[in-house]
Each structure stands twice: as C-alpha cells, then as structure tokens.
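Per-entry structural report
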Amino acid sequence: MSERLIRKLEMLEVAQLIDWAAAEGWNPGLNDAAAFRATDPDGFIGAFVDGEMVAGISAVAYGTTYGFIGLYICRGDMRGRGHGKAVWDAGMARLDGRTIGLDGVDEQFENYRRKGFAPAYRTIRFGGTFARHLVESRTVNSVTPELLPEVMAFDRRGFPEARETFLAHWLMPPHHACVATSDGATTGYGVMRKCRSGWKIGALSAVDDATAAALVQHLGSPVEGDVYIDVPAARQRFIDTLADAGLRPGFETTRMYLGRPFPLAPEVFGVTTLELG
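The following paragraphs examine the structure supplied in this document. All residue numbers here refer to positions counted from 1 along the written sequence of the relevant chain. In keeping with the predicted nature of the model, local features appear solely for residues at pLDDT of at least 70, side-chain atom pairs appear and are counted solely at 80 or more, and the whole-chain, interface and lining totals rest on all residues. Excluded from the side-chain calculations are hydrogens and water; all other atoms, namely the structure's heavy atoms, are used.

**Remarks on the overall build of the protein**
We apply this condition: Helix and strand definitions here come from DSSP, where helices need a minimum of 4 consecutive H or I residues and strands a minimum of 2 consecutive E residues; each element is numbered from the N-terminal end. When we talk radius of gyration, it's over C-alpha atoms, and the globule rule is simply 2.2 Å times the number of residues to the 0.38. When accessible area is computed with a 1.4 Å probe and restricted to protein chains, residues below 20% of their type maximum are described as buried, those above 50% as exposed, and intermediate ones as partly exposed. The criterion used for residue contact is that any of the two residues' heavy atoms lie within 4.5 Å. Residue exposure ignores everything except the shown protein chains as possible cover, and the areas themselves are Shrake-Rupley values with a 1.4 Å probe.
Within the protein one finds 8 helices and 13 strands. Its C-alpha atoms give the protein a radius of gyration of 18 Å, near enough to 19 Å, the size a compact globule of 277 residues would have. When its C-alpha atoms are laid out on the principal axes, the protein stretches across 60 × 35 × 35 Å. The burial tally for the protein puts 53% of its 277 residues in the buried class. In the protein, of all internal contacts separated by at least 6 residues, the share reaching a separation of at least 24 is 73%. Split by element, the accessible area of the protein, about 12100 Å² in all, is 50% carbon and sulfur.

**Describing the pattern of salt bridges**
Inclusion rule: One side-chain nitrogen of Lys or Arg within 4 Å of one carboxyl oxygen of Asp or Glu is enough to make a salt bridge.
Applying the stated criterion across every chain yields a total of 17 salt bridges. With its nearest N and O atoms 2.8 Å apart, the salt bridge here joins glutamate 252 to arginine 122. Here glutamate 252 is found in strand 12 (residues 248-258), whereas its partner arginine 122 is found in strand 6 (residues 118-128), with 130 residues between them in sequence. When its relative accessible area of 31% is taken as the criterion, glutamate 252 is described as partly exposed. Note that aspartate 230 and arginine 125 form a salt bridge whose closest N and O atoms lie 2.8 Å from each other.

**Quick look at the packing of aromatic side chains**
Put simply, the rule is: Ring pairs are drawn from Phe, Tyr and Trp, using the six-membered ring of Trp, whenever the two centres fall within 6.5 Å, and their geometry is named by plane angle: stacked under 30 degrees, edge-to-face over 60, tilted for the rest. For a ring to carry a charge above it, either NZ of a lysine or CZ of an arginine must fall within 6 Å of the ring centroid while also lying within 35 degrees of the normal to the ring plane.
All chains considered together, the criterion is met by 13 aromatic pairs. With centroids separated by 6.0 Å and ring planes inclined at 25 degrees, the aromatic side chains of tyrosine 62 and tyrosine 66 adopt a geometry described as stacked. By the burial criterion, tyrosine 62 is buried, and tyrosine 66 matches it. With centroids separated by 6.3 Å and ring planes inclined at 65 degrees, the aromatic side chains of tyrosine 112 and phenylalanine 117 adopt a geometry described as edge-to-face. Owing to a relative accessible area of 9%, tyrosine 112 belongs among the buried residues under this scheme. Clustering of aromatic rings is evident, with ring pairs tying together Tyr62, Tyr66, Phe159, Tyr257 and Phe262. Over the ring of phenylalanine 48 we find arginine 7, and its NZ or CZ is 3.9 Å from the ring centre. Its guanidinium or amino end placed over the ring of tryptophan 199, lysine 194 lies 5.5 Å from that ring's centre, counting from NZ or CZ.

**A word on the packing of helix 7 (residues 209-220) against helix 8 (residues 236-244)**
Helix-helix packing is characterised by the crossing angle of the two axes and by the distance between the axes. So the rule is basically this: Angles run from 0 to 180 degrees between N-to-C directions of axes, and those axes are lines fitted to C-alpha atoms, restricted for helices to the stretch in contact. Should the near helix be turned anticlockwise from the far one by less than a right angle, the crossing is left-handed, and should it be turned clockwise, the crossing is right-handed. Amino acids are sorted into nonpolar (Ala, Val, Leu, Ile, Met, Phe, Trp, Tyr, Cys and Pro), charged (Asp, Glu, Lys and Arg) and polar (every other residue, Gly among them).
Orientation of helix 7 relative to helix 8, taken along the N-to-C sense of each, is 35 degrees, at an axis distance of 9 Å. Judged by the sense of rotation from one axis to the other, the crossing of helix 7 with helix 8 is right-handed. Contacts between helix 7 and helix 8 involve Asp209, Ala212, Ala213 and Val216 from the first element and Arg237, Phe238, Thr241 and Leu242 from the second. For the contact of helix 7 with helix 8, a count of residues per class yields 5 nonpolar, 1 polar and 2 charged.

**Description of the nonpolar core**
Note the cut-off: In plain words, nonpolar cores are sets of buried Ala, Val, Leu, Ile, Met, Phe, Trp, Tyr and Cys residues tied together by side-chain atoms within 4.5 Å.
One finds Phe44, Val143, Leu171 and Tyr189 to be the most contacted residues of the largest nonpolar core, which totals 37 residues. It is helix 1 (residues 11-23) that provides the largest number of residues to this core, a total of 5 residues. Formed by 26 residues, the second largest nonpolar core is a distinct cluster that contains Cys178, Ala213, Val231 and Phe269.

**Notes on the side chain of glutamate 267**
As a reminder of what qualifies: Distance and chemistry together define a polar contact, namely a pair of N or O atoms within 3.5 Å, with one atom able to donate a hydrogen and the other to accept it when in protein, and with adjacent residues in sequence counting only for side-chain atoms on both sides.
On the secondary structure map, glutamate 267 appears in the loop between strand 12 and strand 13 (268-270). By relative accessible area, which is 11% here, glutamate 267 ends up buried. Among the polar contacts made by the side chain of glutamate 267, one reaches the side chain of arginine 157 at a distance of 3.3 Å. Those residues in contact with glutamate 267, other than ones at most four positions away along the chain, are Phe154, Arg157, Gly158, Leu204, Ser205, Ala206 and Arg235.

Shown next, in the form of structure tokens:
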C-alpha cells in the first residue's frame, strides 16, 4: 500500500469532504465550507494516498476548553485500511486536553462509548412543511451587522465557549438570521440556511418555547420546500408545537462528550450543526 499522508485540508478539500457528507445522506448546507473552515482553519484533517484524499475529519477548537469532532468519513472504496482511524487519531490529538463533543448516530453509539465518550442528551431531527402558524407573531427582526454583538452575547449563554468567528459568517447572507427582542432585550435568535435538500434551522436559541416557535415561524414559514431542525429531545413542549404545525420526526443522534460534560443549556432549542456543534 502506498504511504499515507496526514495533513490539514485546504478550502477546496473541505468542500470535497462536505460533498462526501452529502453523498452519505447528511444533507449539508450549500455554503457550509466557507463558514466551517473560517471557524478554525487548522481544524480539518485528511488522509491522502497517492495525492488523493481517502478520509477526513473535522476537529474544531473553540476557545481554550472545548472542541468538536464531525465530518468523520472514509471514502467508500478505501475503508478497512486504517485511514479512518488515522484521521480520528489526528483529530483527537489536536483537541487533547479539551472537553470534546460530537453528535453520534445510533449505529456508532457503542463505538464512541468504547472510545470514552459519554452520552449527554438525545436530538431528534424534525422536518416537513408548515401546515399552520406555530404561535402569534412576536417582535422578530433580521440580524444586521450592528446587532451581531448582542446576538453573540446571547449565543454564549448556550454554547460552551465563545465562537465569534463562526457566528460572523453564520449569521450573514446567504443565510437567513433573525433575532427576537422584548422590551429592548434580546430573547433569542435563529439561523436558516439552504441545504442540498430543503432548508435547515440552526442555531435556535431562545428564553422560552414560545420565542423559539416564533423564530422558527419567522424563518421557515415563507420558504418553499421542507424545513429541518435538530431538536433536543428534552424540549417536549417545543416538539409538540412543531408536530402540531406539521413537522415530523426523523432520525436521532446523541450528543456525547469526552471529558467534563456540558449540560444542555435551557436556551438551546435547535442544534447549530451536527458537524461543528
């Protein structure tokens, strides 16, 4: 077998890895590559044989205490040769000393647990088109550059570390981002992006179920096509609201942590992405 090279990925290679994710049925966003790589340019790692990428992983660092593993894929025709393990080991080594999170599908749950990851909470993907309004309208407006500091501060209530670089890309066009306010204070925000199939909402953070529903309604109701959102299973009242509006549950994942776990923050109603946390 030819010698294997492990190195960080350039932008086009990150886009290629995301294309692999699409082929696996993960339905990534159309513009994910730029925002993902800007978050941590050294956090995307590939295995190469004869100049071709054969496996990849994202191992994105946030601040000094947290990291997230995702996009862990080996090319179908190169599996069983140790390439996947090689990028996994490289990603884990890069995040050594941090709490590491991931969102695992059921088929990989025991594998991740053997690697030391412990389950924290379940997430359910809901999808479909809205059959009716979720809630009465509230004060929801588009996110503008001058609102970024307030939205970033609110995001910090529900995420283990600050992620300003990521949000500076994620909250801007072509994504649709909105913010809810009450008496001049931020009470939530949401982001929706076009995906290979339909649209995904995430992040979705709010002070309560009704605000989360208002944000989803503002983002998802006007668009054509299915809308998807990955909701923590603990948000039962919000789940009931989505179901009443016509969205249906699909596949489930488990948020898992290696190291000190981060409890599910009360503001989190929708996971940002299964790839970057």
